[in-house]
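# Close look at the chain arrangement
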Amino acid sequence: KGKAVEYTFTDIGRSFVLQRQREWENAGFNFLKYQVFDIETDPSMQGLQLQSFDIILGLDVVHATRSIEHTIRNLKSLLAPNGMLMLLESTNAPRWLDMAFGLAEGWWYFDDAPLRTRSPLMHLDQWEETLGSLGFAEVAAFPQDKNLRATTDMGLILAQETERGSHRETNSLDPQSVAYQVAKITELEALGAEVMV
C-alpha cells in the first residue's frame, strides 16, 4: 500500500491485448499498461526498456518458441538487477496432448536441438540446467520432490537475475582471455544480437 507499482500485460496477439485492456479497464484496473510483445524478438526494438522489470511472469509461453535459450536471453535483458523471472510451464506431454496440439503448426515450432527433439516441453531438471547456464544468480524449479517431478504436468520455474543485471562485469578480465571474449559475446546476445563465431 502506498507504493508506486506498474503492471504491463503483454501478448503476441494484438486482439488478445485489446480484449484484456477493455475487460480490465471496465473492471476498474487503471494501473495496467498493455503491450504487444513477441518474446522471440529484441525487446528494445519493441519499445520496452531493458533492465526495467522487477518481475516477469509467464504462463505456458516460453516453450512455444523456436529457441528456449534465445527467448530466455530476451526476457533476461528486461530484468532489473535482482529481478525475478517466474515461469509456469507444462512439463510432460501425455500422448493425447500430442494428438490434439500436434496438429497445430506452432506445436512443432521449436528448433533448438539437442535441448528439445521430440516435444516442445521440457522437464523441470532441463529448465533448471538451461536457466542455470544463462547466468542467473539463482534458479529453482517446483515441485522439488523427485517423485512429484516425474508425474507433474506443470511446474514453476524461478530464476533471479544477478545483483548487477544481465551484463556480466568484464573489467577484471584479461581482454585476451577466452572468458573476456565469451562475456562480451554474451552481452551482445543479451542486447538481442545474433552472434556467429
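Up top you'll find the structure we're talking about.
In this report, we go over the structure that sits alongside the text.

The rules behind each value
- Residues numbered from 1 in each chain as written.
- Predicted model: local features only at pLDDT ≥ 70, side-chain atom pairs only at ≥ 80, totals over all residues.
- Heavy atoms only, no water.
- Pairing = 2+ DSSP bridges.
- Helix = DSSP H or I, 4+ residues; strand = E, 2+ residues; numbered from the N terminus.
- Axes fitted to C-alpha atoms, helices over the stretch in contact; angles between N-to-C directions.
- Contact = heavy atoms within 4.5 Å.
- Phe/Tyr/Trp six-rings, centres within 6.5 Å; stacked < 30°, edge-to-face > 60°.
- Buried < 20%, exposed > 50% of the residue type's maximum accessible area, 1.4 Å probe, protein only.
- Lys NZ or Arg CZ within 6 Å of the ring centre and 35° of its normal.
- Core = buried A, V, L, I, M, F, W, Y, C linked by side-chain atoms within 4.5 Å.
- Patch = residues over 30% accessible without salt bridge, like charges linked within 9 Å, V, L, I, M, F, W, Y side chains within 5 Å.
- Areas by Shrake-Rupley, 256 points an atom, 1.4 Å probe, with all protein chains shown as cover.
- Salt bridge = Lys/Arg side-chain N within 4 Å of Asp/Glu carboxyl O.
- Expected span 1.5 Å × (residues − 1).

### Brief notes about the sheet that holds strand S4 (residues 79-90)
One open sheet holds the four strands; their spatial order is S3-S4-S6-S5, and the pairing between them is mixed. At either end of the open sheet lies a strand with only one pairing partner, and these are strand S3 (53-59) and strand S5 (138-142). Ignoring strand direction, the axes of neighbouring strands in this sheet form an average angle of 10°. Contacts between helix H2 (residues 68-78) and the sheet are confined to S3 and S4, with S4 contributing the most and set at about 140° to the helix.

### Structural notes on the packing of aromatic side chains
The way to describe two aromatic rings as a pair is by their centre distance and the angle between their planes. This model, assessed by the stated rule, comprises six aromatic pairs. Ring geometry for Phe9 against Trp24: centres 5.1 Å apart, planes inclined by 90°, an arrangement best described as edge-to-face. Highlighted residues: Phe9 in strand S1 (residues 7-11) and Trp24 in helix H1 (residues 14-26), separated in sequence by 15 residues. Overall, the relative accessible area of 22% leaves Trp24 in the partly exposed class. The structure contains a cluster of three or more aromatic residues connected by ring pairs, namely Tyr7, Phe29 and Phe31. Note that Arg20 overlies the ring of Trp24, its terminal NZ or CZ placed 6.0 Å from the centroid. Lying over the aromatic face of Phe136, Lys76 brings its terminal NZ or CZ to 5.1 Å of the ring centre.

### Structural notes on the nonpolar core
Within the largest apolar cluster, 21 residues are counted, with the highest numbers of intra-cluster contacts made by Val62, Ile72, Leu85, Trp127, Leu131 and Phe136. Looking at this core, the elements with two or more residues in it are H2, S4, helix H4 (124-132) and strand S6 (154-160). Here this core gets four residues from one element, more than from any other, and that element is H2.

### Things to note about a nonpolar patch on the surface
On the surface, Ile55, Leu57, Leu59, Leu88 and Met154 cluster together to form a nonpolar patch covering roughly 470 Å² of accessible area. One can find Leu59 in strand S3.

### Thoughts on H1
For H1, built from 13 residues, the straight-helix expectation of 18 Å at 1.5 Å per residue is met to within 8% by its first-to-last C-alpha distance of 18 Å. Phi for Gly28, located one or two positions after H1, is positive at around 90°.

### Let's talk about the pattern of salt bridges
Counted by the stated rule, this structure contains six salt bridges. The salt bridge involving Arg149 is made with Asp125; its shortest N-O contact spans 2.5 Å. Of the two residues, Arg149 sits in helix H5 (residues 146-151) while Asp125 sits in helix H4, which places them 24 residues apart along the sequence. Relative accessible area serves as the criterion here: at 13%, Arg149 is assigned to the buried category. Here Arg149 ties to Glu128 by a salt bridge, and the two come within 3.1 Å at their closest N and O atoms. You can see Arg149 sitting in helix H5 and its partner Glu128 sitting in helix H4, a full 21 residues away along the chain. A relative accessible area of 24% places Glu128 in the partly exposed class.

These figures come from the coordinates and say nothing about function on their own.
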